[in-house]
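These are the residues of each chain, in order.
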Amino acid sequence: MSKITIYFFPGMAASSLIFEHLNLDDTLFNPIFLEWLPTNKQETLDQYVNRYIPLIKHESPVLLGVSFGGIIAQEISKKINVKKTIIISSVRSIHEYPSFFKWAKKIKAYKLIPTIIIPIFTRIFFVLIQKKKKNRIDLYEKYLSVRDPKYIKWCIEAILNWTQTYNLPDVIQIHGSKDQIFPIKKIKNCVVIKDGTHAMIIIKHKWFNNNLQSIILD
């Protein structure tokens, strides 16, 4: 039996190191970990996604994305044939956004934030959402290594202006019951991880090691 290729997309500002604790059977799976491409201020989300297509070199792969990476994975799945799309700590449409996202889009809050302070804000936010105080800064330094302010600002604008209004079929959504970015109350018909936060791909990696393979193979 040929191996199933899985393309992994990390969350905004994160590197593929967020997947380092995943343990997949290498006789069954061929994992490929992608990093964020440099952004162009003028390009649209669709144009950005198109630049990933040449990197997908296997037929009918599984796409797995975390947070904004889940949005990227879904956008790619509209353009190529995929075996399955799995999103973690992410959303399937703008209807799953929290209310303040709509407010931020309406006033174009992303244009009001000085670019220079965005990495500082990202660091503070990441530290605050971690439930365990120990090694908060170390986790930030290790996993959120993409800190170009222009890239982060572009991502925020792309997220707020995403136009997906319906759930794509055959997307598996894995979500934490205590996600701080995308509250579970807005999300239906997903695989729920008890006490999972937005960073659960790191914190709850044991759950993924126990369940992800069967989710992919099902």
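Treat the numbers as computed from the prediction; the structure is a model and nothing was measured. (Residues numbered from 1 in each chain as written. Predicted model: local features only at pLDDT ≥ 70, side-chain atom pairs only at ≥ 80, totals over all residues. Heavy atoms only, no water.)

To continue, consider the overall build of the protein. From N to C terminus, the protein includes nine helices and six strands. Buried positions account for 48% of the 218 residues belonging to the protein. Considering only residue pairs separated by 6 or more positions, the protein has 66% of its internal contacts joining residues 24 or more positions apart. Of the accessible surface of the protein, which amounts to about 11,500 Å², a share of 56% is contributed by carbon and sulfur atoms. (Helix = DSSP H or I, 4+ residues; strand = E, 2+ residues; numbered from the N terminus. Buried < 20%, exposed > 50% of the residue type's maximum accessible area, 1.4 Å probe, protein only. Contact = heavy atoms within 4.5 Å. Areas by Shrake-Rupley, 256 points an atom, 1.4 Å probe, with all protein chains shown as cover.)

Structurally, the α-helix is built with 3.6 residues per turn, so residues lying three or four positions apart point the same way. End to end, helix α9 (residues 205-217) covers 18 Å across 13 residues, agreeing with the expected 18 Å (1.5 Å per residue, within 8%). Maximal helix bending in α9 amounts to about 45 degrees, located at Asn211. Along α9, the residues classified as buried are Phe208, Leu212, Ile215 and Ile216. (Expected span 1.5 Å × (residues − 1). Bend = angle between axes of the 7 residues up to and from the residue.)

A few words on the pattern of salt bridges. The final tally for this structure, using the stated rule, is four salt bridges. The salt bridge involving Lys79 is made with Asp46; its shortest N-O contact spans 2.7 Å. Taken together, the positions of Lys79 in the loop between α2 (68-77) and β4 (84-88) and Asp46 in helix α1 (residues 45-50) put the pair 33 residues apart, joining distant regions of the chain. For Asp195, the salt bridge identified is with Lys178, shortest N-O distance 3.2 Å. Taken together, the residues Asp195 in the loop between β6 (191-193) and α8 (200-203) and Lys178 in the loop between β5 (171-176) and β6 connect sequence positions 17 residues apart. On the basis of relative accessibility, which here comes to 29%, the residue Asp195 falls in the partly exposed class. Overall, the relative accessible area of 41% leaves Lys178 in the partly exposed class. (Salt bridge = Lys/Arg side-chain N within 4 Å of Asp/Glu carboxyl O.)

Let's shift gears to the sheet that holds strand β2 (residues 29-33). Within the open sheet, the six strands sit side by side as β2-β1-β3-β4-β5-β6. Their pairing is parallel. Taken across any chain shown, the strands that pair with only one partner, and hence form the sheet edges, are β2 and β6. Across the sheet, the mean angle separating the axes of adjacent strands is 20 degrees when strand polarity is ignored. Direction of pairing for β4 relative to β5: parallel, over a ladder of four bridges. (Pairing = 2+ DSSP bridges. Axes fitted to C-alpha atoms, helices over the stretch in contact; angles between N-to-C directions.)

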